[in-house]
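Single-letter residue listing:
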Amino acid sequence: MSKSFYLLAAPLLVAVIVIYARTTLITPPAAFDTLEPADIPPGTEPFMAGRTLLKPLHQEKLPTREGDWLNRHAELGQSFLEYAASHREPLDPRMRRLRVQPIGDLSNIDLKLMAEVALFLEAFFQLPVTPNVAVPFGILPSDAERPGEYHTQRQVLTSYVNQNVLAPLKSDDAAVVLGIVVDDLWSRTGNYLFGQADLGNKVAVMSIARFGDPSQGRTEYDLCLRRAFKVAAHETGHVFGLMHCVEYECLMNGSNSLDETDRKPLEYCPSCQAKLWWALRLKPATRAEELVEFEAARPILEPLWQQERAIWRRDRSGLVARISGGGEK
Ligand SMILES: [Zn+2]
Ligand SMILES: [Zn+2]
C-alpha cells in the first residue's frame, strides 16, 4: 500500500480507538430497570416523581479512584423499581422500631456517642429508636477473636457478634438491631470491616475503632461521630434490603477505606431515598425538617438536608402526601 494511505489511515485508526475507549469507559452499568412493565408494582409513580425532584441536588457517581470499592468489586447496583419489585410490602407496622445495642467495655464518651447515633437514626429513618443498655461480650470463643493489627486492639468476628450476641437480643417489635462496638471487626473474607449486616437475622454490627479517638477533644469527637452516623445508616439500610448504590455519590456506596467513607455524603441519593419512602412509608418532608433540626445543635453535618427541605417546602403538588399515603398499594 502507498505511504499516503498510511498517512490518511493512521489518524482515523487513532480516532476509532479513542471513540471506542471513551464509549467503553462511560457506558453505565447495564442492570438498571431491566424489569418488564408487568413486574413493576402498582403505586410507584409518586415515588419516581419524588426521586426526580431531588435529582438536581445530588452528584452522579464520580469516577472511582485507585483502591476504591468499585475498583475491586464489580457491582451493578439496584434501581428503585428493582427494589420495589422485590420488596412489595411495606415494613410490618408491628416491627417499626430500631434498637441500638452498645456492646463491650465502654467509656462514658463511647456511650454518649452511641446515644447520639440512636438519635440520628430516629430522624434519618423516621422510626422510633430505643438505645439498649450496654451488654458485655462475655467470653468469646477462640475462633471469634484474634490479636488486632490496628492499635494492637483485638479484632472480633462480625458473624459471631451478629449471630450470637445481637440475634438473641432482637425483640418482636424491632425492624433492626444495630450493635456498636469499640473493638476492631473482621470477617472471614477481609482484614477489617467498619460494619456488616446480617439480613436473615435483621441485625448489623459496626465498629468505631478506626474513626479516631472521640476522647481527644471536640474536633475528634465530631469527626468520629460523623463517621459513625455514616456507617450506622449504611448498615441499617442493608438490613432493609438496600444494595450498594452505583448511581450517585451516596451513603449506600460501598467503601473500602476511611478515605472513601469520608468522601460519601451523609445522605442517601434520590434512588436510595425512594427505596426508604417505599419500604417505611415515611414522610420525606418531615424527615428533611427533622434532620435539619437534628443538625441545629451540632456542626453542619450535611448541607443536602437543608437543600432537600427547601425542595419539599416548595412542592405544592401534593407529592409528599401521595408518597407517604403509599399510592395504590
Ligand atoms: Zn455495604
Ligand atoms: Zn444511592
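Everything that follows concerns the structure shown earlier in this document.
About the thresholds
Residues numbered from 1 in each chain as written. Chains lettered and ligands numbered in written order. Predicted model: local features only at pLDDT ≥ 70, side-chain atom pairs only at ≥ 80, totals over all residues. Pairing = 2+ DSSP bridges. Helix = DSSP H or I, 4+ residues; strand = E, 2+ residues; numbered from the N terminus. Axes fitted to C-alpha atoms, helices over the stretch in contact; angles between N-to-C directions. Contact = placed C-beta atoms within 7 Å. Parallel < 35°, antiparallel > 145°, perpendicular 65-115°, else oblique. Left-handed = near helix turned anticlockwise from the far one by under 90°. Nonpolar A, V, L, I, M, F, W, Y, C, P; charged D, E, K, R; others polar. Buried ≥ 20, exposed ≤ 12 C-beta atoms within 10 Å, placed from the backbone.

Chemist: I'd like a rundown of the sheet that holds strand S1 (residues 97-102), residues and numbers included.
Modeler: What the five strands build is an open sheet, ordered S2-S1-S5-S9-S8; its pairing is mixed. The open sheet has two edge strands with one neighbour each: strand S2 (129-131) and strand S8 (195-198). Ignoring strand direction, the axes of neighbouring strands in this sheet form an average angle of 15 degrees. Inspection of the sheet shows S1 paired to strand S5 (residues 174-181) by six bridges, in the parallel sense. Its bridge partner being in S5, Val100 is matched across the sheet by Leu178. Sitting on the sheet, helix H5 (residues 108-125) is in contact with S1, S2 and S5, with an inclination near 165 degrees to S1. Its contacts with the sheet put helix H7 (residues 218-239) on S1, S5, S8 and strand S9 (203-207), and the angle it makes with S9 is roughly 160 degrees.

Chemist: Help me get a handle on the packing of H5 against H7, residues and values and all.
Modeler: It is the contact of H5 with H7, at a shortest axis distance of 10 Å, that shows an interaxial angle of 50 degrees. The pairing of H5 with H7 is recorded here as oblique in orientation. As H5 packs across H7, the resulting crossing turns out to be right-handed. Counting all contacts with H5, which are made through Leu113, Glu116, Val117, Phe120, Leu121, Phe124 and Phe125, the residues of H7 involved are Cys224, Leu225, Ala228, Phe229, Ala232, Ala233 and Thr236. Looking at side-chain class alone, the contact of H5 with H7 contains twelve nonpolar, one polar and one charged residues.

Chemist: Give a description of the pairing of S9 that names residues and reports values.
Modeler: Successive side chains on a regular strand alternate, one facing one side of the sheet and the next facing the other. Among the five residues in S9, five count as buried, and that is most of the element. In S9, alternate side chains face the same way, and those of Val203, Val205 and Ser207 on one face and Ala204 and Met206 on the other are all buried. Direction of pairing for S5 relative to S9: parallel, over a ladder of five bridges. When the bridges of S9 are listed, Leu178 appears paired with Ala204. One ladder, built from four bridges, connects S8 with S9; its direction is antiparallel. Paired with Gln196 across the strands is Val205, a residue of S9.

Chemist: Any chance you could break down the sheet that holds strand S7 (residues 190-193) for me, citing the residues and the numbers?
Modeler: Working definition: the strands of a sheet are paired by backbone hydrogen bonds and lie parallel or antiparallel to each other. One open sheet holds the four strands; their spatial order is S3-S4-S6-S7, and the pairing between them is mixed. Of all strands in the sheet, those bounded by a partner on one side alone are strand S3 (145-147) and S7. Neighbouring strand axes in the sheet, compared pairwise and without regard to direction, differ in orientation by 40 degrees on average. Here strand S4 (residues 154-157) pairs with strand S6 (residues 184-187) via three bridges, running parallel. Its bridge partner lying in S6, Val156 is registered against Leu185. This element, helix H6 (residues 158-166), spans S4, S6 and S7 of the sheet and lies at about 55 degrees to S4.

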